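Structure assessment
Residue strings, one per chain:
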Amino acid sequence: MSTPEQASKDPEKENNQKGDPIQPRTPPKMETLSSAEGDADEKAGSSLAQPTCEEDKGTPSDTLELASSDFTKDTSTLTKSTEPHTEIPEKDKTSFSKPLSEKDTVTPSSSSEQVYEYSPVKSGTLTSSLPEQDAPNTDVPEKDVTESGDHHVEPPQEPLPQVEEQDRGDKAGRKKSKERRGRRESLRAVMARKKKEMKSTQGTAANEEPVADPYDNATSCIRLTRGRTGIVYEVDLLKHKCEWDDNHPECPKRLSSIVDKCIDKGLFSQCLQIPNFLRPDLYEKILTKHSAEHYEKLKTLCQSANLTTMEHVASEYDSVYFNNHTFDAACRALSSVLNLVLAVAKQDIMNGMAFVRPPGHHAMYDEFNGYCFFNNVAIAAEACIKDNLAKRILIVDIDVHHGQGTQQMFYDRKDVLYFSVHRYEHGYFWPNLAESNFNYIGKGEGVGYNINVPLNVTGLRDDDYLAVVFYLLLPVAYEFNPDLVIISAGYDSCMGDGKGKMLVTPGFYSHLVSLLHGVAKGQIAVVLEGGYFIPTLSEAACLTLKTLIGGPCPLLDPIRNIHPSVIETIRHVRRALYGKWNCFDICEFVVPKQNVPDDEEDMYKIQYFGKQEGTPYATRTGYPENTVPETYYFARINKALQEKYRASVSLPYACVYDEKMLAHTPQRGDIERPERPERLTSIMKGFTDYGIDKRLLRTKITKHDWSVYSPHIPNYLEAINMGLLQSKDLYINEHTRDSVNTAVSGLLTVIDNVMNATCRGGVAVIRPPGHHAEHRKPGGFCFVNNVAVGANYLNIKYNMRRILIVDFDVHHGNGTQNMFYTDPHVLYISIHKDDKGKFFPPKSPRSYKHDGFGAGKGFNINIPFNRDKMGDTEYIAAFQHVVLPAAYSFAPQVILISAGFDAGINDPLGGYEVHPETFGHFIMMLRPLAEGRLILALEGGYNLTTTTHAMALSTKALLGDPIIMPKNIYKNFSYHAMLSIRDVMEHFKQYFEVFKVHKKLPNKPVIIRRIQKFTADTYARVLFKVLDPDRIDDNDYVETEMSILNALAC
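Residues numbered from 1 in each chain as written. Predicted model: local features only at pLDDT ≥ 70, side-chain atom pairs only at ≥ 80, totals over all residues. Heavy atoms only, no water.

Using the following cut-off: UniProt positions are given in the numbering used here, feature names are shortened, and annotations may be inferred rather than shown by experiment.
In the annotation of an unreviewed UniProt entry, the entry for the protein reads Histone deacetylase domain-containing protein, and the organism field reads Zophobas morio. In UniProt, the protein has this text filed under Catalytic activity (unreviewed entry): "N(6)-acetyl-L-lysyl-[histone] + H2O = L-lysyl-[histone] + acetate".

Here's what the structure looks like:
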């Protein structure tokens, strides 16, 4: 933070000096209000003034800034221990697998009776566990709100008795202190009191159920490691083909091209081939979703009829053909799918892919349809539920055609959630059904469990599909929390497909599968459906399998634009599902305008203009095909994309750690701090107990001369010495400088391994932390900004132009923000506790309005949480609604993660309730980006149990292990968290197109009349009708009203 005097420098002058390529920076400070204005502004609850990018004034540029409010040489203000500081004996160290105890606090273990506390000075005490309040005690001035270390604590509501003032040799100071200060409890005293209260509460509630262990999910993940990927395919499936049309798009080459490409890339050799056999119970399974007549009809026709008869029968069904091998192929395809899906559900394999044809999702109870005969996915899902292998199943249908057969089979069920994104064009696109629209959301118990995302234009890209994933699929999937995910993988949305006419790249499907790995402990079964342009079909299917195996996702282009039609569709889907899913509570409603009855912004329009064809259906041609130039064009594009899809599957992940960093401790006689050496030893022990240590490439730290990449002033580190740096949030000893150098070198060592393609990503178990260290001063236990050095290192040495820093430490990374505030090559995203500016670091410019300056405008995203005690839901929602959309819009080449775990449960400083497994899900969601080049650097986290579990699970997620879903996601969604997330999305619409998806929901449902031919007389007709909002879920009511409207006299 700059002083008021420092804020007077012209920001534009400094900004204009910036050049490209980027050179080692001396990042500027940010302008704030003057102290008087700041106090008034803080009381008013308003944000800080627009930060600027100028250098500090009033401090020599080559010296370390030592503000008296942040540092003090007078260590006599600390109540000292009678014992010298020594490392805690092994037997006294907290085991990471135990619940929170007194050993997890910041009190020393050398003496059980000694009570450590700061003398009551203005800067505050280490009482991190005091009860949280919305406002400070009225007996204490607001500007004296307690701040300590890497945290902020508000004083208790009840005034405490006064204590005698210690003599400091300053009468004025003593007198002032006596008037303004009350007694503050030490952390040990607070924890002891809370423990006593808990015991008392437990004693009076003997009949209540015991409180669940908050680490249950974390410890359950110990045994969960990445399993094998299964595959199943049958050469006999190639015999099914259209005998009367050699150019039919559903041809054997669809399957053979996929298999050949996967074999050529060596993917099949990395998979477990599931034994493929015709199941003896196949007939029984088929009857769960089809009639006996349906089965016998197909069997009889294929075994006894001639070709002429088959074509005649085919004309009775929409888009099917038969030959003598069709029945056998359909049975073998279904058996293959059943064998694979049941193997995943039984956890014999972690995930898998069924390479089968004919497809299945259009097959209905008693009707062949759309090349489909038996509904493979629906029958497999039903089998898993009947066999008690899954209670909840999510079916994600990404075929460009709506899977009406699957929808119908589970329409009144809540144990199967069917999610389909498909081309619709208001019913003009096949299968031309009204039931493919967004307002068909299920019936009875199944209301809300059928989700259609109808796309009403062609030419949609990855951007549009990713918006659907971020704002619809992922929130619902996390709230539904299925036991199994089945993907109906149609690749006819892929570019070049003559049927779909979309422009989705093959790489998108890889990202979709990876993003869904956080659901159902990664138990995903992918089943081939459609896809008819052979080059992109085979490439997309191959990338899907590669992702299932654990390979990295390819780089996608940054999100540039979301089609307005897609924004409208997402808005309508959210409106239809509002009240059915808590995740959509984040949406707001349009405020109706007075005297504007036909306000289109307040309407959600149900439009169906389709018309179904009748028998006889065409059996030859009649399907869309690419022209020769189109085929050539898309084949060339696909070949060019393959150059981006070459990342190796089998690279290891690096880990660095060195015991030298344990030597950084408080000096003898000083008090214990929460940032202590045991944080590292506990994490490394956790790696051993989780079995992670043997799976990581333990890399020796290489000493780096990082001065060229330092974001700090010249000779910054040399200015750190024992005489200067002793304060409430910093301590130093003779080993501190070596520890700092080792920490920075450790992170750079991991970066070297990643950038030299020795490793895919890595973990730096380092301390001291870094994200509070600013350009010319340390703070909050941080000396050198490790991640900022790493970002400069990537930029300068490796020429990385898009670096993403994600900081989920509960404290705002003010140092990191300041260092890249004008830099468009670094996107900094921070999720932190703010409490209206009262949380540590004090007066840090951390609202969502602080979004960067100059060329860096829009590249600084703050997600500040206020008031409520945030937990898993709020953090997951922030990732899904802000972090992921922004990250995909930036398309980073490398991701640096400031991994602070002090938002975790039981942390003495953070006060939040994020469970360890949730941190693992953060990494799981980020893993598809940057070709897997994710590097974790330890920041905060001061409860050893939580921090150890959280770091272990984050690392397991990095390795691709399944992570158990946090409990009750979206069940209790903080209103104040929703406000913060809404504010961020609304503000950043000016920088990122993807946030324009978040629009207020309409109130008024209307149906639009179908007009065959628009003439001048049409203006006089009734063109729409307002429906009863309370009956909008009743499909019969909507269809009746639509029929009446369309039947009105012309």
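What follows picks up the thread again.
Points about the overall build of the protein
Rule in force here: Labels follow the DSSP assignment, with helices taken as runs of H or I lasting at least four residues and strands as runs of E lasting at least two, numbered in each case from the N terminus. For the exposure calls, accessible area comes from a 1.4 Å probe over protein chains only, and a residue counts as buried if that area is under 20% of its type's maximum, exposed if over 50%, partly exposed in between. Pairs of residues are marked as contacts when any of their non-hydrogen atoms sit within 4.5 Å. Only the protein chains shown count as cover for residues, with accessible areas throughout obtained via the Shrake-Rupley method and a probe of 1.4 Å.
Looking only at helices and strands, one finds 26 helices and 21 strands in the protein. Looking at the protein residue by residue over its 1050 residues, the buried ones come to 63%. Look at the contacts in the protein between residues 6 or more apart in sequence, and 81% of them connect residues 24 or more apart. For the protein, the accessible surface area stands at approximately 39,300 Å², while carbon and sulfur atoms represent 49% of it.

Structural notes on the pattern of salt bridges
What counts, and what does not: Counted as salt bridges are all cases of a side-chain nitrogen of Lys or Arg within 4 Å of a carboxyl oxygen of Asp or Glu.
For the structure on display, the rule yields 38 salt bridges. Between Glu250 and Arg254 there is a salt bridge whose closest N-O contact spans 2.6 Å. The pair Glu250 / Arg254 is uniform in exposure class, with both members buried. Between Glu643 and Arg646 there is a salt bridge whose closest N-O contact spans 3.1 Å. The exposure class assigned to Arg646 is exposed, which follows from its relative accessible area of 61%. Salt bridges sharing partners connect three or more residues here, namely Glu234, Asp236, Lys239, Asp328 and Arg332.

Concerning the side chain of Arg679
Selection criterion: We call two N or O atoms a polar contact when they sit within 3.5 Å, provided that within protein one can donate a hydrogen and the other can accept it, with sequence-adjacent residues counted only if both atoms are side-chain atoms.
Positionally, Arg679 belongs in helix α18 (residues 678-689). Since its relative accessible area comes to 1%, Arg679 is described here as buried. Engagement of the side chain of Arg679 in a polar contact is seen with the backbone oxygen of Gly940, the distance being 3.2 Å. Contact partners of Arg679, with chain neighbours within four places excluded, come to Pro674, Arg767, Leu938, Glu939, Gly940, Gly941, Tyr942 and Leu944.

Here we look at the packing of aromatic side chains
What counts, and what does not: For Phe, Tyr and Trp, where Trp contributes only its six-membered ring, two rings pair if their centres lie within 6.5 Å, and the inter-plane angle classes them as stacked under 30 degrees, edge-to-face over 60, or tilted in between. A ring has a charge above it when a Lys NZ or an Arg CZ is no more than 6 Å from the ring centre and no more than 35 degrees off the ring normal.
Applying the stated rule across the entire model yields 37 aromatic pairs. A centroid spacing of 6.0 Å and a plane angle of 65° characterise the contact between Phe781 and Tyr942, whose relative ring orientation is edge-to-face. Residue Phe781 is found in the loop between β14 (761-764) and α20 (786-798), and its partner Tyr942 is found in the loop between β19 (934-938) and α24 (944-959); the two are separated by 161 residues along the sequence. An identical accessibility class is assigned to Phe781 and Tyr942; each is buried. Centre to centre, the rings of Phe919 and Phe922 are 5.5 Å apart; their planes meet at 75°, and the pair counts as edge-to-face. A residue pair is termed a helical-turn pair when its members lie 3 or 4 positions apart in one helix, as Phe919 and Phe922 do in helix α23 (residues 916-926) at three residues. Phe922 sits in the buried class, given a relative accessible area of 0%. Positioned over the ring face of Tyr532 is Lys499, at 5.4 Å from the centre of the ring.

Brief notes about the sheet that holds strand β5 (residues 351-355)
Defined as follows: The pairing criterion for strands is at least two bridges between them, as found by DSSP. For helices, the fitted line uses only the C-alpha atoms of the stretch in contact; every axis is such a line through C-alpha atoms, and the angle between N-to-C directions lies from 0 to 180 degrees.
Read across the sheet, eight strands follow the order β4-β3-β5-β10-β9-β6-β7-β8 without closing on themselves; strand pairing throughout is parallel. If you trace the sheet from one side to the other, it starts and ends with β4 (272-273) and β8 (450-455), each paired once. Relative to strand β7 (residues 416-423), strand β6 (residues 393-397) runs parallel, the two being bridged by five bridges. Within β7, the residue paired with Ile395 across the bridge is Tyr418. Along the sheet face, helix α13 (residues 462-480) touches β6, β7 and β8 and points at about 175° away from the line of β7.

Comments concerning the nonpolar core
In summary, soluble globular proteins display a tendency toward joint burial of nonpolar side chains. What counts, and what does not: By nonpolar core we mean a set of buried residues, namely Ala, Val, Leu, Ile, Met, Phe, Trp, Tyr and Cys, connected to one another through side-chain atoms within 4.5 Å.
Within the largest apolar cluster, 274 residues are counted, with the highest numbers of intra-cluster contacts made by Phe322 and Phe687. Sequence-distant contacts of Phe687, that is, excluding residues within four places in its chain, are made with Cys655, Ile692, Asp693, Leu696, Val763, Val765, Met951, Ala952 and Thr955. Counting residues in hydrophobic clusters, the runner-up holds six residues, among them Met495, Phe533, Phe634 and Tyr645.

Considerations on the sheet that holds β14
The parallel open sheet is built from eight strands, whose spatial order is β13-β12-β14-β19-β18-β15-β16-β17. Both edges of this open sheet fall to β13 (697-698) and β17 (860-865), since each of them pairs with a single strand only. The strands touched by α18 within the sheet are β12 (653-656), β13, β14 and β19, with β19 carrying the most contacts at an inclination of about 135°. Where helix α22 (residues 872-890) meets the sheet, it contacts β15 (803-807), β16 (826-833) and β17, and its direction lies at approximately 170° from that of β16.

Some details on the packing of α13 against helix α16 (residues 564-577)
Quick reminder of the rule: The cut-offs work like this: below 35 degrees is roughly parallel, past 145 is roughly antiparallel, 65 to 115 is roughly perpendicular, and the gaps in between are oblique. A clockwise turn of the near helix away from the far one marks a right-handed crossing, whereas an anticlockwise turn of less than a right angle marks a left-handed crossing. Gly falls in the polar group here, along with every residue not listed as nonpolar (Ala, Val, Leu, Ile, Met, Phe, Trp, Tyr, Cys, Pro) or charged (Asp, Glu, Lys, Arg).
Between α13 and α16, the shortest axis-to-axis distance is 10 Å and the interhelical angle comes to 20°. Judged by the inter-axis angle, α13 sits roughly parallel to α16. Between α13 and α16 lies a crossing of right-handed hand. Touching Asp464, Ala467, Val468, Tyr471 and Leu472 of α13 are Val566, Ile570, Val573 and Arg574, all from α16. Residues belonging to the contact of α13 with α16 are distributed by class as follows: seven nonpolar, no polar and two charged.

Brief notes about α20
Which entries qualify depends on this criterion: Given the number of residues in a helix, its expected span is that number minus one, multiplied by 1.5 Å.
Between its first and last C-alpha, α20 extends 17 Å over 13 residues, near the 18 Å set by a 1.5 Å rise per residue. Across the 13 residues of α20, 11 count as buried, placing the element largely inside the fold. For α20, the set of buried residues is Asn786, Val787, Ala788, Val789, Gly790, Ala791, Asn792, Tyr793, Leu794, Asn795 and Tyr798. Those residues of α20 hidden inside the fold are in contact with α19 (736-755), β15, α21 (814-819), β18 (894-899) and β19. Within two residues after α20, Asn799 carries a phi angle of roughly 60°, on the positive side.

Quick word on the environment of Ala467
Within the secondary structure, Ala467 sits in helix α13. Along the primary structure Ala467 and Val997 are separated by 530 residues, whereas in three dimensions their C-alpha atoms are 7.4 Å apart. Look past the residues within four positions of Ala467 in its chain and what remains in contact with it is Leu472, Ile562, Ile570 and Val997.

Thoughts on the pairing of β5
In terms of burial, β5 is largely enclosed, as five of its five residues are buried. As paired elements, strand β3 (residues 229-233) and β5 share five bridges and run parallel to each other. Paired with Thr229 across the strands is Asn351, a residue of β5. For β5 and strand β10 (residues 524-528), the ladder comprises four bridges, and the chain directions are parallel. Bridging across to β10, Met353 finds its partner in Val526.

Side note on the side chain of Ser974
Secondary-structure assignment places Ser974 in the loop between α24 and α25 (975-987). For Ser974, the side chain forms a polar contact with the main-chain nitrogen of His976, separated by 3.3 Å. Contacts of Ser974, omitting those with residues within four sequence positions, involve Asp868, Met870 and Glu874.

Quick word on the packing of α22 against α23
Two elements in contact, α22 and α23, have axes whose closest approach is 10 Å; the angle formed by their N-to-C orientations is 15°. When the interaxial angle is binned, α22 and α23 end up roughly parallel. Here the hand of the crossing between α22 and α23 comes out right-handed. Here Asp872, Tyr875, Ile876, Phe879, Gln880, Val883 and Leu884 of α22 come into contact with α23, specifically with Thr918, His921, Phe922, Met925 and Leu926. A breakdown of the residues in the contact of α22 with α23 according to their chemical character gives eight nonpolar, three polar and one charged.

Structural notes on unusual backbone geometry
Residue Pro431 follows Trp430 across a cis peptide bond; omega there is 10°. Mapped onto the secondary structure, Pro431 falls in the loop between β7 and β8. Here the bond from Arg767 into Pro768 is cis, since omega is 0°, no more than 30 degrees from zero. When you line up the elements, Pro768 lands in the loop between β14 and α20. Of note in this structure, Ala757 is not a glycine but carries a positive phi near 60°.

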